[in-house]
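Structural features, examined
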Amino acid sequence: MKNYTREDVFRLVEEEDVEFIRLQFTDMFGNLKNIAITANQLAKALDNKCMFDGSAIDGFVGIEESDMYLYPDLSTLEIFPWRPQQGKVARMICDIHRPDGSPFYGDPRLVLKKAISEAAELGYTFEVGPECEFFLFNTDENAMPTTETHEQAGYFDIGPLDGGENARRDIVMTLEDMGLIIEASHHEMAPAQHEIDFRYDEALTTADNIMTFKLAVRTIAKRHGLHATFMPKPKYGVNGSGMHINMSLRKDGKNIFEDRSDPNGLSKEAYYFIGGIMKHIKGMAAITNPLVNSYKRLVPGYAAPVYIAWSATNRSPLIRIPAEGGAGTRIELRSPDSAANPYLTLAVCLKAGLDGILNKIEPPRSVDCNIYNMTDDEKKTLNIENLPGTLMEAVEELKKDRFILDVLGEHVAENYIAAKENEWQKYRAHVSEWEIQEYLYRY
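Owing to the predicted nature of the structure, the values given are computational and were not obtained by experimental measurement.

Cut-offs used in this document
Residues numbered from 1 in each chain as written. Predicted model: local features only at pLDDT ≥ 70, side-chain atom pairs only at ≥ 80, totals over all residues. Heavy atoms only, no water. Helix = DSSP H or I, 4+ residues; strand = E, 2+ residues; numbered from the N terminus. Rg over C-alpha atoms; globule rule 2.2 N^0.38 Å. Buried < 20%, exposed > 50% of the residue type's maximum accessible area, 1.4 Å probe, protein only. Contact = heavy atoms within 4.5 Å. Core = buried A, V, L, I, M, F, W, Y, C linked by side-chain atoms within 4.5 Å. Axes fitted to C-alpha atoms, helices over the stretch in contact; angles between N-to-C directions. Parallel < 35°, antiparallel > 145°, perpendicular 65-115°, else oblique. Left-handed = near helix turned anticlockwise from the far one by under 90°. Nonpolar A, V, L, I, M, F, W, Y, C, P; charged D, E, K, R; others polar. Pairing = 2+ DSSP bridges. Expected span 1.5 Å × (residues − 1). Patch = residues over 30% accessible without salt bridge, like charges linked within 9 Å, V, L, I, M, F, W, Y side chains within 5 Å. Areas by Shrake-Rupley, 256 points an atom, 1.4 Å probe, with all protein chains shown as cover. Salt bridge = Lys/Arg side-chain N within 4 Å of Asp/Glu carboxyl O. Phe/Tyr/Trp six-rings, centres within 6.5 Å; stacked < 30°, edge-to-face > 60°. Lys NZ or Arg CZ within 6 Å of the ring centre and 35° of its normal.

1. Some words on the overall build of the chain
- Along the chain, the regular secondary structure elements total 13 helices and 18 strands.
- Relative to the globule expectation of 22 Å for 443 residues, the C-alpha radius of gyration of the chain, 22 Å, shows essentially globular dimensions.
- With respect to the principal axes defined by its C-alpha atoms, the chain has extents near 70 × 60 × 45 Å.
- Taken across its 443 residues, the chain has 53% of its residues classed as buried.
- Within the chain, residue pairs in contact and separated by at least 24 positions form 70% of the contacts whose partners lie at least 6 positions apart.

As structure tokens, then:
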């Protein structure tokens, strides 16, 4: 994190010939929004006097209370490397406040900041490393996105099989220009599917970085004539895109999940954290997997979790413990997908894990064999439950989990649930091509 002062921001804008500044924020559903100002309006922005119409943003407020103000986070100032080098464009990520100066409780960044603050009161720092997957598809003659690709590459393949290699390289270089430290990038399982991993960091920085990542990926892909999508399952018959969340807690500079004396290398706090996640995962699913389409990914046979279990030795459960161990000990939650709002996702993960620690919630015994090969009776004997199978099931689970509702806060919870119920009703009313093909002739 860059600890810029107000004077630093003015100096950098002048020295770097920045002409436009985008004041960015994220809506409840994980969509990046912005208002662009010119450099001569920078003082107004830094005085927190830039206003926007909150009623125009889904899930924010009604027209009777529509005025909202953007409070820039100075540490997030970055110059877009893909814009002109004369009259450059920069951005700052903003928090949202009401006209009286109070924080707006519908701001997803605030939801995460509150969770982080509560963890800090217990002495904990929440650190997160995401694994972000996406597809790079061809565009049509009108530059509109398709789900077509000419490549047939698979896991870890290289060019010329990997047709997106050049675009992915440019994306990585752009992200590094914007201050992200990229640890690895590679082709994923499905044709046209890719993954880029950036370095572990504190939770708020990581959530901000995910939003920056998505913007950069889409922008650079477009320059290569491709469309980048974070839709969880854009094509039938291939793997979907996840956003695995690797998590650890630090206290007094030490990773408290580490215990070298334990067979799995895990401390009691780590086990309790797992227990808390598993207790609340059904209620979290509407946040970590927010779309109707998300549940097309969470089916057997496509390397995505379906069952609520954990393991240190195999990849089929919901939670796995990577082998690195030591100071790198972490818990990997595999269900979140690439459409999830990172602020809300990290907030519910952190709070669910802390609930496990504070209430000493023991996880069930680890499941160290392939759950997909188990019979229903074997799963029942081990009390292995399924994740929600549809968005509506997930919403119903969220409505039952008072703890997760409290993490989101009344404003976010009510508006989010209403929006997702509406999304489900629209989906139910839609007649799909599959139904036409399956039923029109036969009936």
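2. Structural notes on the nonpolar core
- Leu249 and Ile277 are the most contacted members of the largest nonpolar core, which has 94 residues in total.
- A total of twelve residues in this core trace back to one element, the largest contributor, which is helix H6 (residues 268-288).
- Excluding residues within four positions of it along the chain, leucine 249 makes contact with Tyr124, Thr125, Phe126, Lys254, Asn255, Ile256, Phe257, Phe273, Leu350, Leu354 and Ile357.

3. Structural notes on unusual backbone geometry
- In this structure, proline 160 follows glycine 159 across a cis peptide bond, with omega equal to 5°.
- Checked against the element boundaries, proline 160 lands in the loop between strand S7 (125-138) and helix H4 (165-177).
- Its identity is not glycine, yet alanine 143 carries a phi of approximately 65°, on the positive side.
- With respect to the helices and strands, alanine 143 occurs in the loop between S7 and H4.
- Judged by relative accessible area, which is 53%, alanine 143 ranks as exposed.
- A positive phi angle, close to 55°, is found at aspartate 252, a residue other than glycine.
- Residue aspartate 252 is classed as exposed on the basis of its relative accessible area of 79%.

4. Some points on the packing of helix H10 (residues 391-400) against helix H12 (residues 410-429)
- With their axes 10 Å apart at the nearest point, H10 and H12 run at an angle of 155° to one another. Relative to H12, the element H10 lies roughly antiparallel. You can see that H10 and H12 cross each other, and the crossing is left-handed. Packed against H10, whose contacting residues are Leu391, Met392, Val395, Glu396, Leu398 and Lys399, the element H12 presents Tyr416, Ile417, Lys420, Glu421, Glu423 and Trp424 at the interface.
- A per-class count over the contact of H10 with H12 returns seven nonpolar, no polar and five charged.

5. Looking at the pairing of strand S2 (residues 32-38)
- Here strand S1 (residues 18-26) pairs with S2 via seven bridges, running antiparallel. Residue pairing for S2: arginine 22 is matched across the bridge by alanine 36.
- Counting the residues between successive antiparallel strands, the hairpin from S1 to S2 contains five residues, one of them, glycine 30, with a positive phi of roughly 85°.

6. A closer look at helix H5 (residues 203-223)
- In this model, H5 (21 residues) spans 30 Å end to end at C-alpha, consistent with the 30 Å of a helix rising 1.5 Å per residue.
- When you tally the buried positions in H5, you get 17 out of 21 residues, the bulk of the element.
- Glycine 225 occupies a position one or two residues after H5 and carries a positive phi of about 75°.

7. Remarks on the packing of H6 against H10
- It is the contact of H6 with H10, at a shortest axis distance of 7 Å, that shows an interaxial angle of 125°. One element, H6, and the other, H10, form an angle in the oblique class. Both H6 and H10 take part in a crossing whose hand is left-handed. Residues Lys282, Gly283, Ala285 and Ala286 of H6 lie in contact with H10, whose contacting residues are Ala394, Val395, Glu397 and Leu398.
- For the contact of H6 with H10, the residue count by class is five nonpolar, one polar and two charged.

8. Notes on the environment of glycine 237
- Looking at the secondary structure, you find glycine 237 in the loop between strand S11 (226-229) and strand S12 (243-251).
- You can call glycine 237 partly exposed: its relative accessible area is 39%.
- In the structure, glycine 237 is positioned 47 residues away from alanine 190 in sequence and 9.3 Å away in space, judged by C-alpha atoms.

9. Points about a nonpolar patch on the surface
- On the surface, a nonpolar cluster with roughly 320 Å² of combined accessible area is contributed by Tyr155, Phe156 and Met189.
- In this structure methionine 189 comes out as partly exposed when scored by relative accessible area, which is 43%.

10. Some points on the packing of aromatic side chains
- As enumerated under the stated definition, the model contains 16 aromatic pairs in all.
- A ring pair is formed by tryptophan 434 and tyrosine 439, whose centres lie 5.6 Å apart and whose planes are at 90°; its orientation type is edge-to-face.
- Through a chain of ring-to-ring contacts, the aromatic side chains of Phe134, Phe198, Phe213 and Phe230 assemble into a single cluster.
- Here the basic side chain of lysine 214 rests over the ring of phenylalanine 230, its NZ or CZ set 5.4 Å away from the ring centre.
- When the ring centre of tyrosine 302 is taken as origin, the NZ or CZ atom of lysine 233, which lies over that ring, is 3.7 Å away.

11. Quick look at the pattern of salt bridges
- All told, the structure shown has 25 salt bridges when counted by the stated rule.
- Between glutamate 396 and lysine 399 there is a salt bridge, with its nearest N and O atoms 3.4 Å apart. In this pair, glutamate 396 and lysine 399 both sit in helix H10, three residues apart, roughly one turn of the helix.
- Overall, lysine 399 belongs to the partly exposed group, its relative accessible area being 38%.
- Taking the shortest distance from any N to any O, the salt bridge between lysine 420 and glutamate 423 comes out at 2.9 Å. Residue lysine 420 and its partner glutamate 423 are both found in helix H12; the two are separated by three residues, about one turn of the helix.
- Three or more residues joined by partner-sharing salt bridges are found here, namely Asp73, Asp95, Arg109, Lys113 and Asp208.

12. What to know about the pairing of S12
- Counting buried positions along S12 gives seven out of nine residues, so the element sits mostly inside the fold.
- Direction of pairing for S7 relative to S12: antiparallel, over a ladder of eight bridges. Within the sheet, the bridge partner assigned to glutamate 131 lies in S12 and is histidine 244.
- With three bridges joining them, S12 and strand S17 (residues 331-333) adopt antiparallel strand pairing. Directly across from methionine 247, in S17, lies its bridge partner isoleucine 331.
- Pairing between S12 and strand S13 (residues 254-255): two bridges, direction antiparallel. Bridging from a neighbouring strand, arginine 250 pairs with asparagine 255 of S13.
- The turn linking S12 back onto S13 is made up of two residues, and aspartate 252 within it adopts a positive phi angle of 55°.

This is a description of form; function is not addressed.
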